[in-house]
Amino acid sequence: EIAASDNSNGKRSSEDALDSRTQHEQHAKHVAKKAKPSDDTNDVDPAFLAMVEELKAYIAQHGDCIIPMEYAQNPRLSRWNFDLRDNRRWFYQGKGSNLNEAKLKILDDLGYNWDDMRWLDMYVRLKNYKAKFGNV
């Protein structure tokens, strides 16, 4: 088992989990304040919808929204997925973000996993390395 609690950017994984939970709670409160679903279809650009279609194809093939950081079959989807979490955080912090309520609703309706998967991805890589080479 791996006992280290630091991830690649130096933050403790428990802090990351708390940050993710806090963002999820903020999002849930923000969505709950809406009296009715948003009709902001003008706020969803064609490029975003194209990526959503690629995400739907991934979900159909894999059964989840957990896209690896380095997804060789679709590197563009992998990068977009990685950027979504940052943009969501910036949206709730009031910083510049290319996400809005309409886009967040589309992703939430798909069951998008907002948890930061970088730590898990690196953990799986480390386990595979140890299995292959016998050490870490």
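Structure first, text after, so check above.
Novice: Lay out the packing of aromatic side chains in plain terms, naming residues and giving numbers.
Specialist: This structure, assessed with the given rule, holds 5 aromatic pairs. Ring centres of Tyr58 and Tyr71 lie 5.1 Å apart, and the angle between their planes is 85°; this geometry places the pair in the edge-to-face category. Of this pair, Tyr58 sits in helix α2 (residues 46-62) while Tyr71 sits in the loop between α2 and α3 (75-93); the two residues are 13 residues apart in sequence, bridging distant segments of the chain. The class of Tyr58 is buried, set by a relative accessible area of 5%. Ring geometry for Tyr112 versus Trp114: centroids 4.5 Å apart, planes at 65°, classification edge-to-face. The class for Trp114 is buried, based on a relative accessible area of 9%.

Novice: How would you sum up the pattern of salt bridges? Please name residues and give values.
Specialist: Counted under the stated rule, the structure contains 7 salt bridges. Here Asp45 ties to Lys103 by a salt bridge, and the two come within 2.7 Å at their closest N and O atoms. On the criterion of sequence distance, the pair formed by Asp45 in the loop between α1 (13-32) and α2 and Lys103 in helix α4 (residues 101-109) is long-range, its members being 58 residues apart. Of the charged contacts, one joins Asp83 and Arg79 as a salt bridge, the two residues approaching to 2.9 Å between their closest N and O atoms. Here the residue Asp83 and the residue Arg79 both occupy positions in helix α3, the gap between them amounting to 4 residues, near one helical turn. By relative accessible area, which is 48% here, Arg79 ends up partly exposed.

Novice: Outline the packing of α3 against α4, listing residues and values.
Specialist: Their axes nearest at 12 Å, the elements α3 and α4 cross at an angle of 130°. Our classification of the angle between α3 and α4 gives oblique. For the pair α3 and α4, the crossing hand works out as left-handed. In this structure, α3 contributes Trp80, Leu84, Arg88, Phe91 and Tyr92 to the contact, and α4 contributes Glu101, Leu104 and Leu107. For the contact of α3 with α4, the per-class residue count stands at 6 nonpolar, no polar and 2 charged.

Novice: Describe in detail a nonpolar patch on the surface, supporting the description with residues and values.
Specialist: A cluster of nonpolar residues, Leu126, Tyr129, Phe133 and Val136, forms a patch on the protein surface that exposes about 400 Å² of accessible area. Position of Phe133 among the secondary structure elements: in helix α5 (residues 118-133).

Criteria and cut-off values
Residues numbered from 1 in each chain as written. Predicted model: local features only at pLDDT ≥ 70, side-chain atom pairs only at ≥ 80, totals over all residues. Heavy atoms only, no water. Phe/Tyr/Trp six-rings, centres within 6.5 Å; stacked < 30°, edge-to-face > 60°. Helix = DSSP H or I, 4+ residues; strand = E, 2+ residues; numbered from the N terminus. Buried < 20%, exposed > 50% of the residue type's maximum accessible area, 1.4 Å probe, protein only. Salt bridge = Lys/Arg side-chain N within 4 Å of Asp/Glu carboxyl O. Axes fitted to C-alpha atoms, helices over the stretch in contact; angles between N-to-C directions. Parallel < 35°, antiparallel > 145°, perpendicular 65-115°, else oblique. Left-handed = near helix turned anticlockwise from the far one by under 90°. Contact = heavy atoms within 4.5 Å. Nonpolar A, V, L, I, M, F, W, Y, C, P; charged D, E, K, R; others polar. Patch = residues over 30% accessible without salt bridge, like charges linked within 9 Å, V, L, I, M, F, W, Y side chains within 5 Å. Areas by Shrake-Rupley, 256 points an atom, 1.4 Å probe, with all protein chains shown as cover.

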